[in-house]
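The primary structure of each chain is shown beneath.
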Amino acid sequence: MGCRIVHSPVGFISEFVALNHEFNFCWIIPVSTGKYIEIKMNNLTLQRDCFSNYVEISSTEKEEKYKFCQFSSNPVTLLSNVTIMYKEKTGVLSLSGVAEARRKAISWLRKERLASWGWRDYTPRGVVALYLASNVTFNGTILEEELMAKETEIKTAVALLRFQTFLGHDDGPLFAGECVDLQAMAILALSCKANSTGSSDASFTSTTSKLYKQVSENLKGFQLQDGSFGNLHTTALITQALISSGLEGSKDWSLNATIQYLMKELDSPSVDFLSVYLTLPILNGKSLMDVYKVNCSANPRKNDEGPDNVVMKDEQELIFWFKTANI
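Since the structure is predicted, the reported quantities are computational estimates derived from the model, not experimental observations.

(A) Just the state of the cysteines, in detail. As enumerated under the stated definition, the model contains 1 disulfide in all. For Cys3, the disulfide goes to Cys26, at an S-S distance of 1.8 Å. Judged by the sign of its S-S torsion, about 75°, the bond between Cys3 and Cys26 is right-handed. Pair noted here: Cys3 is in the segment before strand S1 (4-5) and Cys26 is in strand S3 (residues 24-29), with a separation of 23 residues, a long-range link. Residue Cys26 is classed as buried on the basis of its relative accessible area of 3%.

This is the structure we're talking about:
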């Protein structure tokens, strides 16, 4: 897609971008000699991690670049022609069969939900999986979703009172696999921290940053010939870890083979809840790390806001204001 040229000296750039597609949008704003341009961000609502989903503002002559993956109130001032580019790299979503596999997994998960108390003890996980699959919004407009949210709140409160977490049971750990499962979960947790600040180097000590990158790279070496990393649960965990750490498109492991393996296993009659819970976010190009983006304090159910004030589940929004003036 070519860049759109914006000739106006003052104006807005606004775009709603549909999720579950791969998009690159580009605008060029010419700046005459002797003038400068000031660009301010009015809104930037991106749903994916900073590695694969961001806006870049650059000067074509001065080689200046500014990268944004979340809202910033600081204006950008440049002295030459400006390029504003929205980039979304979603390798998983471009693979054949993923959309249909995601639809089937969502259908399976919803059929497992009981009219009373949803998925019982698994309710928080079921809600998280549907949310990361962009199948629910919890924007206060759908009664069934409101019931899911309330059930999750109650289950969470009870779990906290029992000193449990979503990662454990009374009868043992949720993941009974080897050390590699724990490494994958650690990478997910660290990726959450890294993405919240935009950089692992800015988030961790030098030792932690080195280990984070080293373990992320090492996880790729566990891939087997069939595309898996062992069993289905381990494969899904490691895939989420690699996506969350920005290695989805890395050339030294086969994302395609892994996704094909996951889709084949999900199509098995013996598929279980945990398999769907761990795999469904992947089929939407996401991981459990993406939960950090949820702003619970902005929940319209608690703030009496209407659905018009909420960016819907299938959209991302970017709005920039700009003006040119004499130096």
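Back to the write-up after that little detour.
(B) Structural detail: the nonpolar core. Grouped together as the largest cluster of nonpolar side chains are 53 residues, with contacts concentrated most on Val98, Leu109, Leu219 and Ile259. Among the secondary structure elements, those contributing two or more residues to this core are helix H1 (98-112), helix H2 (123-132), helix H3 (143-161), helix H4 (179-197), helix H6 (206-219), helix H7 (232-244), helix H8 (255-266) and helix H9 (273-279). At 7 residues, H7 tops the list of elements feeding residues into this core. If we skip the residues at most four places from it in the chain, Ile259 touches Val92, Leu95, Val98 and Ile282. By size, the runner-up hydrophobic cluster in this structure holds 22 residues, among which are Ile13, Ile39, Leu78 and Ile84.

(C) Structural context of the pairing of strand S8 (residues 82-88). Burial analysis of S8 places 6 of its 7 residues in the buried class, which makes it a mostly covered element. The sheet contact formed by strand S5 (residues 53-59) and S8 spans 7 bridges and is antiparallel. Note on S8: the bridge partner recorded for Ile57 is Ile84.

(D) A look at H6. Over its 14 residues, H6 extends 20 Å from the first C-alpha to the last, a length consistent with the 20 Å expected when each residue adds 1.5 Å. Restricting attention to buried positions, one finds in H6 the residues Ser209, Tyr212, Val215, Ser216 and Leu219. Viewed end-on, H6 has its buried residues packed into an arc of 140°, placing them on one side of the element. Seen from the buried face of H6, the exposed residues on the opposite side, beyond 90 degrees, are Ser206, Thr207 and Lys210.

(E) Summary view of the packing of H6 against H7. The contact between H6 and H7 brings their axes to 10 Å, and the two run at 130°. What the angle tells us is that H6 and H7 run oblique. When the axes of H6 and H7 are compared, the crossing they make is left-handed. Residues Tyr212, Ser216 and Leu219 of H6 touch H7, and the partners they reach there are Ile238, Ala241, Leu242 and Ser244. Among the residues making up the contact of H6 with H7, the classes are represented as 5 nonpolar, 2 polar and no charged.

(F) A nonpolar patch on the surface, seen in detail. A grouping of Trp117, Ile154 and Val158 is seen on the molecular surface, where their side chains present a nonpolar patch of about 230 Å² in accessible area. Relative to the assigned elements, Val158 resides in helix H3.

(G) The arrangement of the UniProt feature "binding site: cyanocob(III)alamin" (unreviewed entry) in the chain in detail. As recorded in UniProt, the sites labelled "binding site: cyanocob(III)alamin" (unreviewed entry) are Asp181 and Asn231. These annotated residues cover 51 residues of sequence, and their C-alpha atoms lie no more than 10.7 Å from one another, placing them together at a single site. Position of Asp181 relative to the elements: it lies in helix H4. Along the polypeptide, Asn231 turns up in the loop between H6 and H7. Within the structure, Asn231 has its side chain in polar contact with the backbone nitrogen of Thr234 (distance 2.7 Å).

(H) Up close: the packing of H2 against H3. With their axes 8 Å apart at the nearest point, H2 and H3 run at an angle of 135° to one another. In this view, H2 runs oblique relative to H3, as classed from their interaxial angle. Considering how the two elements wind past one another, H2 and H3 form a crossing that is left-handed. When H2 is examined against H3, the residues Thr123, Pro124, Val127 and Leu130 are found in contact with a partner set consisting of Met148, Glu151, Thr152, Lys155 and Thr156. Taken together, the residues of the contact of H2 with H3 sort by class into 4 nonpolar, 3 polar and 2 charged.

(I) The arrangement of the pattern of salt bridges in detail. In the structure shown here, the tally under the stated rule is 9 salt bridges. For the salt bridge of Glu144 with Arg110, the shortest nitrogen-to-oxygen distance reads 3.3 Å. Taken as a pair, Glu144 in helix H3 and Arg110 in helix H1 lie far apart in primary sequence, 34 residues in all. Among the residues examined, Glu144 registers a relative accessible area of 35% and is labelled partly exposed. For the salt bridge of Glu144 with Arg113, the shortest nitrogen-to-oxygen distance reads 3.6 Å.

Calculation criteria
Residues numbered from 1 in each chain as written. Predicted model: local features only at pLDDT ≥ 70, side-chain atom pairs only at ≥ 80, totals over all residues. Heavy atoms only, no water. Disulfide = S-S within 2.5 Å. Helix = DSSP H or I, 4+ residues; strand = E, 2+ residues; numbered from the N terminus. Buried < 20%, exposed > 50% of the residue type's maximum accessible area, 1.4 Å probe, protein only. Core = buried A, V, L, I, M, F, W, Y, C linked by side-chain atoms within 4.5 Å. Contact = heavy atoms within 4.5 Å. Pairing = 2+ DSSP bridges. Expected span 1.5 Å × (residues − 1). Arc of directions from axis to C-beta. Axes fitted to C-alpha atoms, helices over the stretch in contact; angles between N-to-C directions. Parallel < 35°, antiparallel > 145°, perpendicular 65-115°, else oblique. Left-handed = near helix turned anticlockwise from the far one by under 90°. Nonpolar A, V, L, I, M, F, W, Y, C, P; charged D, E, K, R; others polar. Patch = residues over 30% accessible without salt bridge, like charges linked within 9 Å, V, L, I, M, F, W, Y side chains within 5 Å. Areas by Shrake-Rupley, 256 points an atom, 1.4 Å probe, with all protein chains shown as cover. Salt bridge = Lys/Arg side-chain N within 4 Å of Asp/Glu carboxyl O. UniProt positions renumbered as here; feature names shortened; annotations may be inferred. Polar contact = N/O pair within 3.5 Å; in protein donor to acceptor, adjacent residues only side chain to side chain.

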